[in-house]
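If you want the building blocks of each chain, they are given just below.
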Amino acid sequence: MTKKIVFTGGGSAGHVSVNTAIIPEFIKNDWDITYIGSEKGIEKTIIEKEFPNIRYETVSVGKLRRYVSIENLKDPFRVIKGIFDARRILKKTRPDFIFSKGGFVSVPVVLAARMLKIPIFIHESDYTPGLANKIAMPFASKIFTTFEESNAHLPKEKALYIGAVLRDGIFAGNGEKGKRFCGFTSKKPVLLIMGGSLGAVRINHLITKNLEELLRHYQIIHICGKGNVEESLKQPGYAPFEYVHEELFDLLAAADVVVSRAGSNSIFEFLGLQKPMLLIPLSANASRGDQILNAASFEKQGFCKVIQEENLSFEQFESTLDHLLKESSTYRAKMEQKRPFKTGPEMYQLLLDLMKK
Ligand SMILES: CC(=O)N[C@H]1[C@@H](OP(=O)(O)OP(=O)(O)OC[C@H]2O[C@@H](n3ccc(=O)[nH]c3=O)[C@H](O)[C@@H]2O)O[C@H](CO)[C@@H](O)[C@@H]1O
């Protein structure tokens with residue numbers, strides 16, 4: 001009989017990447033795969049583009065906002081509707097288990113799976129668990145963690161440290177192809193700036209305001225987020241994008257230094273590729289502070305430099321880049337010693353083994 005799995009997770013690409021690393025293995029092994037996401041989330045775009053042959057189902061989604069909004073009153077009803085939506089899909093699908101990567105869309109799916117007694121595996125990318133995963137934890141058979149330090153905050157019998165789950169393509173990038181894609185030469189070092197999968201307005205402004213000065217020293221790949229590309233600034237040596245799909249692998253291979261938010265999936269990908277990094281974590285005012293902890297853990301291990309958003313000045317930004325380039329071999333040597341990763345096939349095998357227990 002065909003085995004069935006349901007994946008869920010979304011809201012930002014960080015809640016989809018782990019799933020996209022594992023899905024190819026389930027396809028290869030002929031599983032029947034359903035992805036449950038939202039109608040408007042980035043997960044729909046990513047899954048439909050990268051896996052057009054798997055079934056994508058939608059549920060209604062509620063969100064916890066960090067600001068006062070009339071929408072907050074409607075959200076409990078959206079979540080309840082989402083649970084009914086998910087229950088209907090799961091009853092029809094009857095998967096062997098669900099794999100949840102978190103984000104608000106996963107909450108109704110996990111709750112409905114619990115009602116139907118379907119085993120639940122969840123993955124936490126960050127140093128501390130997000131709210132969606134906190135809600136899911138009591139119902140999960142296993143909680144996979146990315147940072148070893150996270151297990152101290154989790155139930156011992158459920159937490160399993162596995163490191164990051166990386167997409168295969170990350171290691172198959174071609175730097176020359178990446179440079180050609182951007183129209184770059186080999187004359188200046190390449191700086192890749194990634195403000196998280198949704199972009200980062202503060203970082204975008206710092207770059208665009210100081211573009212002329214930066215272009216004297218670097219060629220720049222700038223992943224700006226949806227709606228943030230300033231067409232008028234496009235010029236030789238400056239390649240801005242809203243979001244890149246599989247081309248990202250070549251662009252990463254082309255980069256000498258990376259500037260980024262401290263989203264977990266991204267920083268582990270940079271670690272895997274041994275890219276010296278400058279991390280500017282999302283501030284505690286705009287988040288639960290998880291990126292600050294992710295970045296601090298990496299800095300402690302000698303993988304990166306960190307500038308907190310509140311202290312971000314162009315002078316410090318420029319001098320830190322300079323330092324990272326000059327000392328790149330020291331950073332690379334540190335990163336070479338640490339390979340806390342699981343591949344898609346390893347993760348597939350682990351899930352099968354856990355299901356047998
Ligand atoms: C604002 C917000 O809520 N951020 C959270 C979100 O970040 P965010 O969604 O930015 O997540 P990550 O940095 O963890 O992962 C982004 C993923 O998208 C990929 N990518 C990105 C840009 C692009 O153009 N193409 C592309 O493929 C990256 O390679 C990476 O695999 O989830 C992370 C993981 O839970 C958290 O640590 C972050 O705090």
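Residues numbered from 1 in each chain as written. Predicted model: local features only at pLDDT ≥ 70, side-chain atom pairs only at ≥ 80, totals over all residues. Heavy atoms only, no water.

Looking at this model, I keep getting lost on the packing of helix α1 (residues 17–28) against helix α14 (residues 344–356). Mind explaining?
Relative placement of two packed helices is described by the angle separating their axes and the distance separating the axes. Following both chains from N to C, one finds α1 and α14 inclined at 70°, their axes separated by 8 Å at the closest point. Here α1 lies roughly perpendicular to α14, going by the angle between them. In this structure, α1 crosses over α14, and the sense of that crossing is right-handed. Within the contact between the two elements, α1 uses Ala21, Ile22, Glu25 and Phe26 and α14 uses Gly344, Pro345, Met347, Tyr348 and Leu351. Of the residues belonging to the contact of α1 with α14, the class tally is 7 nonpolar, 1 polar and 1 charged. (Axes fitted to C-alpha atoms, helices over the stretch in contact; angles between N-to-C directions. Helix = DSSP H or I, 4+ residues; strand = E, 2+ residues; numbered from the N terminus. Parallel < 35°, antiparallel > 145°, perpendicular 65-115°, else oblique. Left-handed = near helix turned anticlockwise from the far one by under 90°. Contact = heavy atoms within 4.5 Å. Nonpolar A, V, L, I, M, F, W, Y, C, P; charged D, E, K, R; others polar.)

Help me understand the pattern of salt bridges, please; the structure alone is not making it clear to me.
Opposite charge on two side chains allows them to pair when their charged atoms are near. Summed over all chains, the structure comprises 19 salt bridges. When the shortest N-O distance is used, the salt bridge between Asp75 and Arg78 registers 2.8 Å. Placement of the pair is Asp75 and Arg78 together in helix α3 (residues 71–93), with a separation of 3 residues, close to one helical turn. We classify Asp75 as buried; its relative accessible area is 6%. Here Glu309 and Arg261 are joined by a salt bridge, their closest N and O atoms 2.7 Å apart. Of this pair, Glu309 sits in the loop between β14 (304–306) and α12 (314–326) while Arg261 sits in the loop between β12 (257–260) and α10 (264–272), and the two are 48 residues apart along the sequence. As far as the burial class goes, Glu309 and Arg261 line up, both buried. Residues participating in the shared-partner salt-bridge network are Glu39, Lys44 and Glu48. (Salt bridge = Lys/Arg side-chain N within 4 Å of Asp/Glu carboxyl O. Buried < 20%, exposed > 50% of the residue type's maximum accessible area, 1.4 Å probe, protein only.)

Teacher, can you tell me more about the site of the ligand here?
Looking at the ligand, there are 24 residues lining it, with Ser12, Ser17, Asp126, Ser266 and Glu269 nearest. Contact distances for the ligand include 2.6 Å between an oxygen atom and a side-chain N or O atom of Ser17. Between the ligand and Glu269, the relevant distance is 2.5 Å, taken from an oxygen atom to a side-chain nitrogen or oxygen of the residue. Considered on its own, the ligand offers 770 Å² of accessible surface; in the complex 89% of this is hidden by protein. For the shell around the ligand, the secondary-structure elements that each account for two or more residues are α10 and α11 (290–300). If one sorts the elements of the shell around the ligand by residue count, α10 sits on top with 4 residues. Shared between two domains, the shell around the ligand takes at least three residues from each, and those domains are domain 1 (4–163 + 341–356) and domain 2 (171–336). (Near = heavy atom within 4 Å. Polar contact = N/O pair within 3.5 Å; in protein donor to acceptor, adjacent residues only side chain to side chain. Areas by Shrake-Rupley, 256 points an atom, 1.4 Å probe, with all protein chains shown as cover. Domains from an automatic or database assignment.)

Before we go on, may I ask you to explain unusual backbone geometry in this structure?
Peptide bonds are, in most cases, trans, and in most cases residues other than glycine have a negative phi. Notably, Arg94 is not glycine yet its phi reads approximately 50°, a positive angle. Within the secondary structure layout, Arg94 lies in the loop between α3 and β4 (97–100). The phi torsion at Lys117 lies on the positive side, around 60°, for a residue other than glycine. Position of Lys117 among the secondary structure elements: in the loop between α4 (106–115) and β5 (120–124).

I keep staring at the UniProt feature "binding site: UDP-N-acetyl-alpha-D-glucosamine" (unreviewed entry) in the protein and nothing clicks. Help me out?
UniProt marks Ser12, Ala13, Gly14, Arg167, Ser197 and Gln291 with the feature "binding site: UDP-N-acetyl-alpha-D-glucosamine" (unreviewed entry), using the numbering shown here. Ignoring any residue separated from it by four or fewer positions in sequence, one finds Gly14 in contact with Lys101, Ser125, Ser197 and Asn265. You can see Arg167 is positioned in the loop between β8 (164–165) and α6 (175–182). On the basis of relative accessibility, which here comes to 13%, the residue Arg167 falls in the buried class. Once residues lying within four places of it in the same chain are set aside, the contact partners of Arg167 are Ser17, Thr20, Ala21, Leu248, Phe249 and Glu269. (UniProt positions renumbered as here; feature names shortened; annotations may be inferred.)

Help me understand the pairing of strand β3 (residues 55–58), please; the structure alone is not making it clear to me.
Walk down a regular strand and you will see the side chains alternate between the two sheet faces. Pairing between strand β2 (residues 32–37) and β3: 4 bridges, direction parallel. By the bridge assignment, Thr34 is partnered in β3 with Arg55. Handedness of the crossover joining β2 and β3 through helix α2 (residues 42–50): right-handed. (Pairing = 2+ DSSP bridges. Right-handed = clockwise from strand over helix to strand, strands pointing away.)

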